[in-house]
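Spelled out, the chains give:
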Amino acid sequence: MEQKVHQGRNVKRFREMLGIKQEALALDLGDDWNQKKISLLEQKETIEDPLLQKISEVLKIPVEAFQNFDEEQAVNIIANTFSLDNGSIFNAHNTNPIFNPVEAILKIHEEKIVLYERMLKEKDDMMARLEGLIKSK
């Protein structure tokens, strides 16, 4: 038995993944939309193609994602692809990190020293100018 994809639920799922509130989606869809109407839309199993196309454009997600995404199938694929044994990606350990955090801290510290020295030089220049102004009076 083929399971039907719930397009409204998929709209809700992708909207939430993008961190977009129902009110914001309604605003992007046009004047005749509001939060309540989005809520009702997300309960619909099938959404009309022109509306799905407009939602696709607003969320920048292909129409096919709303039409074909099936959570149960995705969970099955993930469960069959990854295992929790020692060879799993979940237990992987990166022994060659891209950056060294100690080096990053040292770089920041050196930048701070250069900035401090520049500020001291500017202060000394300012003091010299002020002394010059005082003496000229």
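This is a predicted model, so every value here is computed, not measured.

Novice: Run through the packing of helix α2 (residues 22-29) against helix α4 (residues 49-59), naming residues and quoting values.
Specialist: To characterise two packed helices, one gives the angle between the axes of the helices and the distance between these axes. It is the contact of α2 with α4, at a shortest axis distance of 10 Å, that shows an interaxial angle of 110 degrees. Considering the angle they form, α2 stands roughly perpendicular to α4. Crossing handedness for the pair α2 and α4: right-handed. Where α2 abuts α4, its residues L25, D28 and L29 lie against K54, I55, V58 and L59. Grouping the constituent residues of the contact of α2 with α4 by class yields five nonpolar, no polar and two charged.

Novice: Describe in detail a nonpolar patch on the surface, supporting the description with residues and values.
Specialist: Among the surface-exposed residues, M126, M127, L130 and L133 lie close enough to one another that they form a single nonpolar patch of about 380 Å² accessible area. Relative to the helices and strands, M126 resides in helix α7 (residues 101-136).

Novice: Now, about the confidence of the model for the protein: what can you tell me, with residues and values included?
Specialist: In the predicted model, the protein carries a mean pLDDT of 83, and the fraction of residues at 70 or more is 77%. In the model of the protein, helix α6 (residues 71-81) stands out as the element of lowest mean pLDDT, 64, in contrast to helix α3 (residues 35-41), which has the highest, 95.

Parameters at a glance
- Residues numbered from 1 in each chain as written.
- Predicted model: local features only at pLDDT ≥ 70, side-chain atom pairs only at ≥ 80, totals over all residues.
- Heavy atoms only, no water.
- Axes fitted to C-alpha atoms, helices over the stretch in contact; angles between N-to-C directions.
- Helix = DSSP H or I, 4+ residues; strand = E, 2+ residues; numbered from the N terminus.
- Parallel < 35°, antiparallel > 145°, perpendicular 65-115°, else oblique.
- Left-handed = near helix turned anticlockwise from the far one by under 90°.
- Contact = heavy atoms within 4.5 Å.
- Nonpolar A, V, L, I, M, F, W, Y, C, P; charged D, E, K, R; others polar.
- Patch = residues over 30% accessible without salt bridge, like charges linked within 9 Å, V, L, I, M, F, W, Y side chains within 5 Å.
- Areas by Shrake-Rupley, 256 points an atom, 1.4 Å probe, with all protein chains shown as cover.
- Salt bridge = Lys/Arg side-chain N within 4 Å of Asp/Glu carboxyl O.
- pLDDT = per-residue confidence, 0-100.

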